[in-house]
Amino acid sequence: MLLEQFNLAERGDAVTALRPCIDVTRWCEDIVDRRPFESVDSLVTEAARAADPFTTEEIESALAHHPRIGERAGGDSREATLSRSEQAGVDPSDAEVQRALRDGNLAYEERFGRVFLIRAAGRSAAEILSSLRERLQHDPDSEERIIAGQLREIALLRLRGTITA
């Protein structure tokens, strides 16, 4: 969607356009209610402000839409398409990587009670695995801050791909 179209869209349509970036209603509405934006950069700056901080409830809500790293999102929704693209660095045919990710995801979920989340775009499978193993050593409070930061990175990356000049 072009920035001009976003600026002129009905409120509900504009919120719907943002939801694939991150399904946090407050974030979407906050951004929409600050329109019009002069540039994509000013939009992204405002989106970053609105995303800091995400509440624990918002994090949990957003995580409900993210597949495990190494698992391809199903369906043809914009969010699923974005997720598959972002995980392009993880080869689904590499059995060793898939096993390591599966084991790491399970260990993470046992430790923290939620899916492991990382901005996968631009990262190799080795980088993702390294981060997963490192983050298993964190305490829950530290990990929640990291997750919130990863969600912000994902949302802003997706926003730049969703709203263009």
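That block above? That's the structure.
Residues numbered from 1 in each chain as written. Predicted model: local features only at pLDDT ≥ 70, side-chain atom pairs only at ≥ 80, totals over all residues. Heavy atoms only, no water.

Quick notes on the packing of aromatic side chains
Then, in step 1: Going through the model one piece at a time under the given rule, you end up with two aromatic pairs.
Then, in step 2: An aromatic cluster of at least three residues, connected via ring pairs, comprises Tyr-108, Phe-112 and Phe-116.
Then, in step 3: For Arg-35, the ring lying beneath its charged end belongs to Phe-6, and the centroid distance is 5.6 Å. (Phe/Tyr/Trp six-rings, centres within 6.5 Å; stacked < 30°, edge-to-face > 60°. Lys NZ or Arg CZ within 6 Å of the ring centre and 35° of its normal.)

Some points on the nonpolar core
Then, in step 1: If you look at the biggest cluster of nonpolar residues, it comprises 48 residues, and the most contacted ones within it are Phe-6, Trp-27 and Ile-31.
Then, in step 2: Of all the secondary-structure elements, those providing two or more residues to this core are helix H1 (3-8), helix H2 (11-18), helix H3 (25-32), helix H4 (40-50), helix H5 (56-63), helix H7 (95-112), helix H8 (125-135) and helix H9 (140-162).
Then, in step 3: Here the element with the most residues in this core is H9; it accounts for seven residues.
Then, in step 4: Once residues lying within four places of it in the same chain are set aside, the contact partners of Phe-6 are Met-1, Ala-14, Leu-18, Ile-31, Val-32, Arg-35, Phe-37, Leu-43 and Ile-163. (Core = buried A, V, L, I, M, F, W, Y, C linked by side-chain atoms within 4.5 Å. Buried < 20%, exposed > 50% of the residue type's maximum accessible area, 1.4 Å probe, protein only. Helix = DSSP H or I, 4+ residues; strand = E, 2+ residues; numbered from the N terminus. Contact = heavy atoms within 4.5 Å.)

A few points about H9
Then, in step 1: The first and last C-alpha atoms of H9 sit 32 Å apart over 23 residues, in line with the 33 Å expected at 1.5 Å per residue.
Then, in step 2: The opening residue of H9, the one whose side-chain oxygen lies 3.1 Å from the backbone nitrogen of Asp-141, is Asp-139. (Expected span 1.5 Å × (residues − 1). Polar contact = N/O pair within 3.5 Å; in protein donor to acceptor, adjacent residues only side chain to side chain.)

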